[in-house]
Amino acid sequence: MKITDIRFGMLRVPLKTPFKTALRTVDTVEDIVVTIHTDTGHVGYGEAPATAPITGDTHGSIVEAIRKFISPRLIGQEIANLNRITGLIQGAIEKNSSAKAAVEIAVYDLFGQLYGAPLYKMLGGGDPVITTDLTISVDYIEKMVADSIAAVDRGFESLKIKVGKDIGVDIERVKAIYAAVEGRALLRLDANQGWTAKQAVYALQTLEDAGVRLELVEQPVKAQDLEGLKYVTDRVHTPIMADESVFGPVEVIDLIRMRAADIINIKLMKTGGLSKAIQIADIAAMYGVECMIGCMIETSISVAAAVHLAVAKSNVITKVDLDGPSLCAFNPVDGGVIFNESEITVTDAPGLGIREIRGLETLAAA
Ligand SMILES: C[C@H](N)C(=O)N[C@H](CCC(=O)O)C(=O)O
Ligand SMILES: [Mg+2]
């Protein structure tokens, strides 16, 4: 099975409600879809969102990185040589992690198709059902409480509460939501870099003193502020998770050695796809550090790859934030992973199992 062509499409899917964080507000998924075609007629699917405030990637940069740097190296490559191909992708250009992720996901999809096995089995196998949280966008307090109750009524047992806008209001937001859903759902906070280290310690100690039990707090401080992250981790009981602070395996080793965070959020769009995400999970397992698998504003194309990885690495990826498809107004994918509210199920269809993507706008070939 040899790669003959790499093509692009633009996929637009409205969100059920606007997604609001300390960094940005989004109301529609607008992602680049990559299809890799082979001499056997098989097609592999990948997807990349343009999450510029986090990865620096834009639609233009994703297309350009693939068209000019990645695609020329891959045409003619044999899918069976997976490690050679992932090396070519990772070495084609610096950074551009979302472009690399989209291409790697499509290659891994084809790798599973080549051997007639679902991706999670190619990655080591596991229990095919996992459970995700649901994100509650940052908003005024009454709306966040109502959204949280609605999510719990839909069966979500873990909520990821977006904060990081105003420290005083954030404390009140979390207290109000905790009082409304206590005993029915675990709460995770994600400040998306919105606090200073001192503010984070103040907020978390205040919540701890008030009896608010949080499962974890994600990225309280600026991505580059590793000392600030460690300052917070050292001073609160609540587990602290690094998200925007860590993209690849080298950063993860530094972070673990510093003991700057307790948990690591792996996202394929930060790691550049599955190969380095696997490395991170293996490093974390060696050090006994837990991981979450997360996503950006993505549909069930690229999130499917993250699900297969989570299933295969459930020994270390113990927390799941793969709610991108649940935030979408509809699922544009025929086949693939089954997203049913909090429950996510992988099937035994080869690769990612995607048969077709509806509503894909064609862009020029790579
Ligand atoms: C969608 C997911 N639950 C999430 O919250 N991801 C954000 C970043 C998403 C974005 O801004 O596109 C995160 O974990 O920071
Ligand atoms: Mg985050």
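Residues numbered from 1 in each chain as written. Chains lettered and ligands numbered in written order. Predicted model: local features only at pLDDT ≥ 70, side-chain atom pairs only at ≥ 80, totals over all residues. Heavy atoms only, no water.

1. A few points about the packing of helix α7 (residues 167–181) against helix α8 (residues 197–209)
As a reminder, the rule being used: Here an angle of 0 to 180 degrees is reported between the N-to-C directions of two axes, which are lines fitted to C-alpha atoms, with helices fitted over the stretch in contact. In this text, helices come from DSSP runs of H or I with a minimum length of four residues, and strands from runs of E with a minimum of two, each type numbered from the N-terminal end. Roughly parallel covers angles under 35 degrees, roughly antiparallel covers those over 145, roughly perpendicular covers 65 to 115, and oblique covers all other angles. In a left-handed crossing the near helix is turned counterclockwise from the far helix by less than a right angle, and in a right-handed crossing that turn is clockwise. By definition in these notes, contact holds between two residues if any of their heavy atoms fall within 4.5 Å. Each residue is assigned to one class: nonpolar for Ala, Val, Leu, Ile, Met, Phe, Trp, Tyr, Cys and Pro, charged for Asp, Glu, Lys and Arg, and polar for all the others, Gly among them.
Taken N-terminus to C-terminus, the directions of α7 and α8 make an angle of 30°; their axes are 10 Å apart at the nearest point. For the element pair α7 / α8, the angle class is roughly parallel. Of the two elements, α7 crosses α8, and the hand of that crossing is right-handed. Contacts between α7 and α8 pair Ile167, Ile171, Val174 and Lys175 from the former with Gln199, Tyr202, Ala203, Thr206 and Leu207 from the latter. In the contact of α7 with α8, the residues fall into 6 nonpolar, 2 polar and 1 charged.

2. Digging into the environment of Val221
Within the fold, Val221 resides in the loop between β8 (216–218) and α9 (226–235). Those residues within four positions of Val221 in sequence are excluded, and the remaining contacts are Gln193, Trp195, Thr196, Ala197, Gly228, Leu229 and Val232.

3. A few points about the UniProt feature "active site" (unreviewed entry) in the chain
Our working definition: UniProt positions are given in the numbering used here, feature names are shortened, and annotations may be inferred rather than shown by experiment. Burial classes: relative accessible area under 20% of the type maximum marks a residue as buried, over 50% as exposed, and values in between as partly exposed (1.4 Å probe, protein chains only). Counting of polar contacts relies on pairs of N or O atoms within 3.5 Å, with two restrictions inside protein: one atom must be capable of donating a hydrogen and the other of accepting it, and residues adjacent in sequence are counted only when both atoms are side-chain atoms.
Within this structure's numbering, the places UniProt gives as "active site" (unreviewed entry) are Lys162 and Lys267. Tracing the backbone through its elements, the reader meets Lys162 in strand β6 (residues 158–162). In contact with Lys162, not counting residues within four places along its chain, are Phe19, Lys20, Thr21, Thr135, Ile136, Ser137, Val138, Met144, Asp190 and Asn192. Here Lys267 shows up in strand β10 (residues 263–267). Residue class for Lys267 comes out buried when judged on its relative accessible area of 4%. Discounting chain neighbours no more than four positions away, the residues touching Lys267 are Asp243, Gly294, Cys295 and Met296. A polar contact of 2.7 Å, which involves the side chain of Lys267, links it to the side chain of Asp243.

4. Here's the deal with the packing of aromatic side chains
As a reminder of what qualifies: Centres within 6.5 Å make a pair out of two Phe, Tyr or Trp rings, where for Trp the six-membered ring is used; the pair is then stacked when the planes are under 30 degrees apart, edge-to-face when over 60, and tilted otherwise.
All told, the structure shown has 1 aromatic pair when counted by the stated rule. Their ring planes at 80° and their centres at 5.4 Å tell us that Phe111 and Tyr115 sit as a pair that is edge-to-face. One end of the pair is Phe111 and the other is Tyr115, both in helix α4 (residues 97–115) and 4 residues apart, which spans about a single turn. Of the residues examined, Phe111 reaches a relative accessible area of 14% and is grouped as buried.

5. What to know about the side chain of Gln113
Along the chain, Gln113 falls in helix α4. Contacts of Gln113, omitting those with residues within four sequence positions, involve Met1, His42, Val43, Gly44, Pro350 and Gly351.

6. Comments concerning the site of ligand 1
This is how it is decided: Any residue with a heavy atom positioned within 4 Å of a molecule or strand is treated as near that molecule or strand. Under the convention used here, a 1.4 Å probe and the Shrake-Rupley method define accessible areas, while residue burial counts only the protein chains that appear.
Neighbouring ligand 1 are 17 residues, the closest being Arg24, Thr135, Asn192, Asp321 and Asp323. Contact distances for ligand 1 include 2.8 Å between an oxygen atom and a side-chain N or O atom of Asn192. Between ligand 1 and Lys267 there is a distance of 2.9 Å, counted from an oxygen atom to a side-chain nitrogen or oxygen. For ligand 1, the accessible surface in isolation is 390 Å², of which the surrounding protein chains cover 100%. By residue class, the composition of the shell around ligand 1 is 5 nonpolar, 3 polar and 9 charged.

7. What to know about the environment of Lys175
Residue position: Lys175 is located in helix α7. By relative accessible area, which is 31% here, Lys175 ends up partly exposed. Sequence spacing of Lys175 and Val145 is 30 residues, and the spatial spacing of their C-alpha atoms is 9.8 Å. The residues contacting Lys175, other than those within four sequence positions of it, are Leu207, Ala210 and Val212.

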